[in-house]
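Next come the chains, spelled out residue by residue.
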Amino acid sequence: MKILFGVQGTGNGHISRSRSLARALAGQGVTVDYLLSGRPAEDYFDMEAFGDYRARPGLSFVTREGAVSLWQTLRQSRPLTLWQDIRQLDLTGYQLVLSDFEPVTAWAARRQGLDSLGISHQAAFFWPIPRRFDDVRARFIMRHYAPVSRAIGLHWFHFGHPILPPIVDALLPAPSRGEVLVYLPFESLAAIGDLLRRFVGVSFVCYHPDVRESYQQGNLLFHPLSRPAFTTSLACCEGVICNAGFELASEALTLGKKLLVKPLAGQFEQASNAMTLEMLGLGRVMASLDPGAVRQWLDHPGIGLIRYPDVAAALAVWLAQGAQEPVAELARRLWRQVLLPEPVCERLAELGLSDSLCCNLLLQGGSFARL
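Residues numbered from 1 in each chain as written. Predicted model: local features only at pLDDT ≥ 70, side-chain atom pairs only at ≥ 80, totals over all residues. Heavy atoms only, no water.

### As for the side chain of His 208
Assignment of secondary structure puts His 208 in the loop between strand S10 (203-207) and strand S11 (215-217). Side-chain polar atoms of His 208 contact the backbone nitrogen of Asp 210, separated by 3.0 Å. Not counting the four nearest positions on each side in its chain, His 208 is found in contact with Leu 184, Pro 185, Glu 187, Ser 188, Leu 189, Ile 192, His 223, Pro 224 and Leu 225. (Helix = DSSP H or I, 4+ residues; strand = E, 2+ residues; numbered from the N terminus. Polar contact = N/O pair within 3.5 Å; in protein donor to acceptor, adjacent residues only side chain to side chain. Contact = heavy atoms within 4.5 Å.)

Put into structure tokens, the structure is as follows:
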């Protein structure tokens, strides 16, 4: 089987998730080519897993001061270039297009009548899961930004639907250095400094795309983006302050790190993610860079770690075997392997969701037991 894998390059979460799946597919002997879009080619980093990948401008949202700017997005979009890239992408020889919310490959597959499969967090919103600001515009973007023949959604909980657990690298926690990891790429460095410098007794390690060389500023240590360095900081931190994207929150939860998220204003997915994290008791939310929310969060204990199975490996085997197993069965099999901490179990029971656990997990004696 020969696959073309389209990866949304706007956010590092899409790349991290797709990198995990790329490594798993390589282990199955499947031939995969990669195309990324959404940022300038020179801005990608730590891309070894994607081999000789192709990069296209694609389409991405522009942010200003922690919010999506629709006006700037429209001004900087290049619809003619996007259309030319879609038309010129030759899919001859491929049996399948995979898309992690990437528009060039998805639309090219639709034009050329090739089977396409979406694997993304966005695909979870095709099901009636918790969401916020679910207006006509949000539904249109989710459906038509990167349309596929079939879609598999990923989420922190299934809510009774055939949604898979997150794709997360097998990260191991390290001895804590007592630091807080901060990743707020849509906020300015000045705004981040103004928020965190007042907590003089707390050490913050901040990664940001505007940083070119590491530097110390009081209790804040700033680093440029680097996947290996970031992963090390994540493993040994006390907690994570970040936007409400999906992948970093998933990694933090699997390491048992407490989580404070600030959703990107005007972004439907992040607003819904923040609501879900708070609803399930997985993390705390601040609507703005609020020092009061940070203080409350610093004083609040974490919930413990969540154990998700190796979803990337399961998907790679599933694809290599021709994707014959129904997605509902694949989802059920994977959710049976999930272990949730007691506070989350209690919250699910309060919400009346424990009876819908198709993963057959029950709260017994203060812990989840697999049946």
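Here the narrative resumes.
### Digging into the environment of Glu 238
For Glu 238, the position within the fold is in the loop between helix H7 (227-235) and strand S13 (239-242). With a relative accessible area of 42%, Glu 238 lands in the partly exposed category. Distance in space between the C-alpha atoms of Glu 238 and Ser 176 is 6.3 Å, their sequence separation being 62 residues. Apart from the residues within four sequence positions on either side, Glu 238 is in contact with Ser 176, Gly 178, Glu 179, Lys 257 and Lys 258. Side-chain polar atoms of Glu 238 contact the side chain of Ser 176, separated by 2.3 Å. (Buried < 20%, exposed > 50% of the residue type's maximum accessible area, 1.4 Å probe, protein only.)

### Topic: the nonpolar core
Ranked by size, the top nonpolar core spans 81 residues in total, and within it Leu 25, Leu 98, Ile 119, Leu 164, Val 240, Leu 259 and Leu 315 carry the most contacts. Apart from the residues within four sequence positions on either side, Ile 119 is in contact with Leu 21, Leu 98, Ser 99, Asp 100, Ile 152, Leu 154, Ile 167 and Leu 315. In terms of nonpolar packing, the next biggest core, distinct from the first, is built from 20 residues, Val 182, Leu 196, Val 211 and Leu 260 among them. (Core = buried A, V, L, I, M, F, W, Y, C linked by side-chain atoms within 4.5 Å.)

### With respect to the packing of aromatic side chains
Applying the stated criterion across every chain, the model contains 13 aromatic pairs. On the numbers, 5.6 Å between centres and 35 degrees between planes, the contact of Phe 5 with Tyr 34 is tilted. Here Phe 5, found in strand S1 (residues 2-8), pairs with Tyr 34, found in strand S2 (residues 31-37); they are 29 residues apart in sequence, far enough to count as distant. Accessibility classification places Phe 5 together with Tyr 34 in one group, the buried group. Judged by centre distance (4.7 Å) and plane angle (25 degrees), the ring pair of Phe 101 and Tyr 145 falls under stacked. Of this pair, Phe 101 sits in the loop between strand S6 (96-100) and helix H4 (103-112) while Tyr 145 sits in the loop between helix H5 (136-144) and strand S8 (150-153), and the two are 44 residues apart along the sequence. A relative accessible area of 12% places Phe 101 in the buried class. Residue classification places Tyr 145 among the buried residues on the basis of a relative accessible area of 9%. Over the face of the ring belonging to Tyr 94 we find Lys 2, whose NZ or CZ atom lies 4.9 Å from the ring centre. A cation sits over an aromatic face here: Arg 143 above Phe 126, 4.4 Å from the ring centre. (Phe/Tyr/Trp six-rings, centres within 6.5 Å; stacked < 30°, edge-to-face > 60°. Lys NZ or Arg CZ within 6 Å of the ring centre and 35° of its normal.)

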